[in-house]
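Secondary and tertiary structure notes
Each chain, written out:
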Amino acid sequence: MTSSTLDATAARIGISRLSPVLAEVVRSGFVEGVHRGSLVLLAADGSVELALGDPAAPVYPRSANKPMQAAAVLRAGLELSGERLALAAASHSGETFHLELARTMLGEFGLSEEDLQTPPDLPLDPVEAEAYLASGLARHKVTMNCSGKHAAMIAACAANGWPTETYLDPAHPLQRLVLDVVETVTGEPVHHVGTDGCGAPLMALSLTGLARAFRSFVLAAPGTPERAVADAMRAHPEYVAGTRRPDTWIMREVPGALSKMGAEAVQALALPDGRALAFKIDDGAARAMGPVLARALALLGVESPVLARIAEAPLLGGGQRVGEIRAAF
């Protein structure tokens, strides 16, 4: 394959083939692999403090866009707060308390699990998935990690007299409202619209725009939908993620932090003074996210024991630790 062909392929899939190494895979003292990607850090005033790779290139934020979708259902007039609003912005782990609240929300809105258009799935957390299968249960719509978001979307449609059967259509009034929220808080036009794993429309953004969006949520005035979402997520982080997830640990242990991951190794985070970050690992390897996130937070000046916890990414050999995945910037 020629160099020009490689360049064209990289451009087509939205990454630079010269993306910097963000994490190294070190086994027995030998670097056996790397994870490349792009990252941006914003200072408290919103200026770019550090840019690695191409944070201006569009990426799919995947579930890192959920705070924006949750703000849209509030703008549509749906009344949500507390744990319910956190679950509407969640990629929940499928723990018992997640599923119980999702079912409760559906009942409160006059809906059933069959109204969800999420694909049937197992709990996102591997520990929960093993227990779920061991109990003889099968994949279900409500178990899918986006069920809280979908319940809120359908409820917002019903409250406005909008069609509920087509709530995932990009032309639907709710999804047009989501698009407006996304473009407003990122400060840029959506580059492309695709379909997320849960079936909802997915807007491509730059990493810089994604970091700006999270910054706007933590700095939003009290009483606004964006601030309401940020406050609910930070007050109830276990409903945003789960008891064994880095987003929960960070929002519990770094005061005022707003954190949300997305599939294919996307992460966005903002601190209460406006410092923010966003990154994407090009190959989608989730195993590199913790070390990269911990290093990025340290560069933003965060000091907390939780950084060591999320940076921990051991490699095993014969059941023993023989190496690690470590940040490389």
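Within each chain, residues carry numbers counting from 1 in the order of the written sequence. For a predicted model such as this one, the threshold for reporting local features is a pLDDT of at least 70, and the threshold for listing and counting side-chain atom pairs is 80 or more; totals across whole chains, interfaces and linings nevertheless cover every residue. Excluded from the side-chain calculation are hydrogens and water; included are all heavy atoms of the structure.

As a further point, take the state of the cysteines. By definition, disulfides here are pairs of cysteine sulfur atoms that lie within 2.5 Å. Applying the stated rule across the entire model yields zero disulfides. Counting only cysteine sulfurs, Cys198 is the nearest neighbor of Cys146, a cysteine outside any disulfide, at a range of 4.0 Å. The exposure class assigned to Cys146 is buried, which follows from its relative accessible area of 4%. Since its relative accessible area comes to 2%, Cys198 is described here as buried. Think of it in three bands: with a 1.4 Å probe and only protein chains considered, a residue is buried below 20% of the maximum accessible area for its type, exposed above 50%, and partly exposed in between.

Here we come to the side chain of Gln69. Numbering of helices and strands runs from the N terminus, with a helix taken as a DSSP run of H or I at least four residues long and a strand as a DSSP run of E at least two residues long. Relative to the elements of secondary structure, Gln69 occurs in helix H2 (residues 66-75). Its relative accessible area of 2% is what places Gln69 among the buried residues. Apart from residues no more than four positions distant in its own chain, Gln69 is found in contact with Lys149, Met153, Val178, Ala200 and Pro201. The contact criterion used is simple: two residues touch if any of their non-hydrogen atoms lie within 4.5 Å.

Centres within 6.5 Å make a pair out of two Phe, Tyr or Trp rings, where for Trp the six-membered ring is used; the pair is then stacked when the planes are under 30 degrees apart, edge-to-face when over 60, and tilted otherwise. Here the structure, examined in full by the defined rule, presents one aromatic pair. Judged by centre distance (5.0 Å) and plane angle (80°), the ring pair of Phe97 and Tyr239 falls under edge-to-face. Of this pair, Phe97 sits in helix H4 (residues 96-108) while Tyr239 sits in helix H10 (residues 237-240), and the two are 142 residues apart along the sequence. The class of Phe97 is partly exposed, set by a relative accessible area of 22%. In this structure, Arg309 is placed above the aromatic ring of Trp249, and the distance from its NZ or CZ to the ring centre is 3.8 Å. Whether a charge sits over a ring depends on NZ of Lys or CZ of Arg being within 6 Å of the ring centre and within 35 degrees of the ring normal.

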